[in-house]
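In case you want the letters, here they are:
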Protein chains: 2
Amino acid sequence: MNRLVKCGLALAVLVAPVMAHADDQDVMNYRKNVMKTMGEQNALLQMVVAGKVPADQFVSHVKALHLAATQAKKAFEPKVAGDGATGSAKPEVWTAWADFSKRLDDQVAKLATLEKAAVDGGMAKAGPMVATSLDCRGCHENYRVPKK
Amino acid sequence: MNRLVKCGLALAVLVAPVMAHADDQDVMNYRKNVMKTMGEQNALLQMVVAGKVPADQFVSHVKALHLAATQAKKAFEPKVAGDGATGSAKPEVWTAWADFSKRLDDQVAKLATLEKAAVDGGMAKAGPMVATSLDCRGCHENYRVPKK
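Residues numbered from 1 in each chain as written. Chains lettered and ligands numbered in written order. Predicted model: local features only at pLDDT ≥ 70, side-chain atom pairs only at ≥ 80, totals over all residues. Heavy atoms only, no water.

Asks: Could you give me a rundown of the nonpolar core, with the residues and numbers involved?
Replies: In this structure, Tyr30 and Phe58 of chain A together with Tyr30 and Phe58 of chain B are the most contacted members of the largest nonpolar core, which totals 64 residues. For this core, the leading source of residues is helix α5 (residues 97-126) of chain B, giving 9 residues. Setting aside chain neighbours within four positions, we find phenylalanine 58 of chain B in contact with Leu45, Val48, Val49, Ala118, Gly122, Met123, Ala126, Gly127 and Val130 of chain B. (Core = buried A, V, L, I, M, F, W, Y, C linked by side-chain atoms within 4.5 Å. Buried < 20%, exposed > 50% of the residue type's maximum accessible area, 1.4 Å probe, protein only. Helix = DSSP H or I, 4+ residues; strand = E, 2+ residues; numbered from the N terminus. Contact = heavy atoms within 4.5 Å.)

Asks: A description of the packing of aromatic side chains should follow, citing residues and the corresponding values.
Replies: All names here are of chain A. The tally for this structure, following the rule as stated, stands at 6 aromatic pairs over all chains. Seen in terms of ring centroids, phenylalanine 76 and phenylalanine 100 are 5.2 Å apart; in terms of plane orientation they differ by 70 degrees. Their pairing is edge-to-face. Note that phenylalanine 76 is positioned in the loop between α3 (58-75) and α4 (92-95) and phenylalanine 100 in helix α5 (residues 97-126), a separation of 24 residues in sequence. Using a relative accessible area of 8% as the deciding quantity, one classes phenylalanine 76 as buried. (Phe/Tyr/Trp six-rings, centres within 6.5 Å; stacked < 30°, edge-to-face > 60°.)

Asks: Tell me about helix α7 (residues 136-143) of chain B, and please be specific about residues and values.
Replies: Residues and elements named next belong to chain B. Listing the buried residues of α7 in full gives Gly138, Cys139 and Tyr143. Looking straight down α7, one finds that the buried residues subtend no more than 85 degrees of arc, so they occupy a single side. On its buried side, α7 packs onto α4 (92-95) and α5. (Arc of directions from axis to C-beta.)

Asks: Talk me through the pattern of salt bridges; I want residue IDs and the actual numbers.
Replies: Evaluation of the coordinates by the stated rule reveals 14 salt bridges over all chains. The partner of aspartate 56 of chain A in a salt bridge is lysine 74 of chain B, and the shortest N-O contact between them spans 3.2 Å. Of this pair, aspartate 56 of chain A sits in the loop between α2 (24-49) and α3 while lysine 74 of chain B sits in helix α3 (residues 58-75), which puts the two residues in different chains. When the shortest N-O distance is used, the salt bridge between aspartate 106 of chain A and lysine 102 of chain A registers 2.9 Å. (Salt bridge = Lys/Arg side-chain N within 4 Å of Asp/Glu carboxyl O.)

Asks: Describe the confidence of the model for chain A, and please don't skip the residues or the numbers.
Replies: Residues and elements named next belong to chain A. Averaged over all residues, the pLDDT of chain A is 88; the fraction at 70 or higher stands at 84%. Taken element by element, chain A is modelled with least confidence in helix α1 (residues 2-15), mean pLDDT 57, and with most confidence in α5, mean pLDDT 97. Low pLDDT, under 50, characterises residues 15-20; the stretch is placed with 2 contacts to residues that sit more than four places away or in other chains. Overall fold confidence for the complex sits at a pTM of 0.83, while the interface term, ipTM, reaches 0.81. (pLDDT = per-residue confidence, 0-100.)

Asks: I'd like a description of the packing of α3 of chain B against α5 of chain B, backed by residues and values.
Replies: All names here are of chain B. Contact pair α3 / α5: the axes reach a minimum separation of 9 Å and the direction vectors enclose 165 degrees. Judged by the angle between their axes, α3 and α5 are roughly antiparallel. Both α3 and α5 take part in a crossing whose hand is left-handed. In the contact of α3 with α5, the residues fall into 16 nonpolar, 4 polar and 4 charged. (Axes fitted to C-alpha atoms, helices over the stretch in contact; angles between N-to-C directions. Parallel < 35°, antiparallel > 145°, perpendicular 65-115°, else oblique. Left-handed = near helix turned anticlockwise from the far one by under 90°. Nonpolar A, V, L, I, M, F, W, Y, C, P; charged D, E, K, R; others polar.)

Asks: Talk me through a positive patch on the surface; I want residue IDs and the actual numbers.
Replies: A cluster of basic residues, Lys32, Lys36, Arg144 and Lys147 of chain A together with Lys32, Lys36, Arg144 and Lys147 of chain B, forms a positive patch on the protein surface. Secondary-structure elements contributing two or more residues to the positive patch are α2 of chain A together with α2 (24-49) of chain B. Inspection of the secondary structure assignment puts lysine 36 of chain B in helix α2. (Patch = residues over 30% accessible without salt bridge, like charges linked within 9 Å, V, L, I, M, F, W, Y side chains within 5 Å. Areas by Shrake-Rupley, 256 points an atom, 1.4 Å probe, with all protein chains shown as cover. Lys, Arg positive; Asp, Glu negative; His and termini not counted. Charge placed at Lys NZ, Arg CZ, Asp CG, Glu CD.)

Asks: Outline the side chain of serine 101 of chain A, listing residues and values.
Replies: Among the structural elements, serine 101 of chain A can be located in helix α5. Engagement of the side chain of serine 101 of chain A in a polar contact is seen with the backbone oxygen of tryptophan 97 of chain A, the distance being 2.7 Å. (Polar contact = N/O pair within 3.5 Å; in protein donor to acceptor, adjacent residues only side chain to side chain.)

Asks: Describe the environment of aspartate 106 of chain A, and please don't skip the residues or the numbers.
Replies: Residue and element names in this part refer to chain A. Summarising the element assignment, aspartate 106 is placed in helix α5. The class of aspartate 106 is partly exposed, set by a relative accessible area of 34%. Along the backbone, aspartate 106 and serine 133 are 27 residues apart, and their C-alpha atoms lie at a distance of 9.4 Å.

Right under this line is the structure:
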């Protein structure tokens with residue numbers, strides 16, 4: 001039933017002008033889910049690199065992380081500062097957009113490079129690059145409301 | 001510092017035989033993160049299809065969901081039933097592996113089809129296919145310990 005509703009909404013959206021109005025809660029939910037995906041795929045990648053689980057999904061995790069990072073920049077474009085509950089984005093995300101967006105661009109670029117190395121040479125080639133391909137802390141220190 | 005440790009572990013793993021020993025907690029953490037990724041990317045996809053956020057990441061979400069689904073089958077191969085806390089997999093995952101694994105295979109196949117349609121024709125083509133491309137409930141009803 002839920003899916004029929006969603007299917008109906010999907011059809012409705014297709015015929016309506018594609019200028020969707022995203023309210024603040026949607027904006028925060030959207031970017032929270034993107035960030036969570038990054039966190040989980042990073043955790044999975046680290047488990048593989050640490051030898052805690054077999055390495056056959058190494059390339060898949062790098063690809064998923066790269067995809068999530070590309071979703072991230074778009075997710076932060078709407079200027080909606082976090083409310084501290086659903087959203088944790090400081091206003092500095094937008095007042096210092098040049099710096100924030102550059103950090104995201106750099107993150108995406110590093111993951112693109114990592115993905116290429118992973119596809120070319122698997123964990124043997126890309127494993128040693130993982131540590132320097134990720135800088136979650138660089139953004140979070142400056143742009144995320146600290147968790148209590 | 002954490003990353004240097006991880007980097008060191010990564011190097012150590014590369015020279016060690018690649019038969020990583022995964023303990024039960026690792027197995028459960030691993031598959032939990034894969035499932036969470038699926039849940040989040042599905043939520044994001046539904047938000048796009050419902051018109052709550054702009055559609056420019058539609059293809060990206062389909063791709064990420066497809067990737068996570070391919071990670072899922074491997075994640076459930078180690079026979080570790082959930083402990084109810086960290087892990088929610090019922091023993092039936094493995095006692096009924098033929099059915100469980102077929103459901104996952106079908107899910108991956110549907111997402112592969114959805115991704116192809118999304119890449120070819122964007123949301124116009126693939127949007128109407130989303131509702132019938134996902135059957136989270138089919139597995140969860142039978143194979144996941146109910147959430148309290």
